[in-house]
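Read off the chains here:
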Amino acid sequence: MTKITWVLKDGSRISADVADGTNLMAAAASANVPGIIGECGGCLSCATCHVYVDEGSLAMTGTADGTEDAMLDATDAPRQDNSRLSCQLIAGPALEGLVLHVPA
Ligand code: FES
């Protein structure tokens, strides 16, 4: 299990222990995190699972590349250096304690 925390627009937090191997879009849906839609079901074609990685967690996730990098140009909220598509982040020991911010 991997502890993940989502910070909502109003500053409140939702945390969940996520089964390793689960993508963090699906995990957000299971944890009832508002604002992460996941319209394409995680097949990297909608960009509605956009999140901002907390500055303190950036070393855990690295940066987007390939198709994810291209899809980040299609997000509703402005793309930032710490933008990721959460369906491409997979729970596991490397992401223990990860903090994600939900875009406005
Ligand atoms: Fe569609 Fe992530 S859920 S790109």
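Check the entry above for the structure.
Now for a look at the structure at hand. Residues take numbers from 1 onward in each chain, read along the sequence in its written order. Confidence filtering applies because this is a predicted model: local features only for residues at pLDDT of at least 70, side-chain atom pairs given and counted only at 80 or more, and all residues used for totals across whole chains, interfaces and linings. As a convention, hydrogens and water are excluded, and side-chain values are obtained from all of the structure's heavy atoms.

1. So, the environment of Ala26
A run of DSSP states H or I qualifies as a helix once it reaches four residues; a run of E qualifies as a strand once it reaches two. Both are numbered from the N-terminal end. Looking at the secondary structure, you find Ala26 in helix 1 (residues 24-30). Judged by its relative accessible area of 26%, Ala26 is partly exposed. Taking the C-alpha atoms as reference points, Ala26 and Asp65, separated by 39 residues in sequence, lie 21 Å from one another. The classification of residues rests on relative accessible area computed with a 1.4 Å probe and restricted to protein chains. Under 20% of the type maximum is buried, over 50% is exposed, and intermediate values are partly exposed.

2. Observations concerning unusual backbone geometry
Unlike most non-glycine residues, Asn32 shows phi in positive territory, near 55 degrees. Topologically, Asn32 is positioned in the loop between helix 1 and strand 3 (50-53). You can call Asn32 exposed: its relative accessible area is 63%. Even without a glycine there, the phi angle at Ala47 is positive, about 65 degrees. Note that Ala47 resides in the loop between helix 1 and strand 3. The class of Ala47 is buried, set by a relative accessible area of 6%.

Keep in mind these values describe shape, not function.
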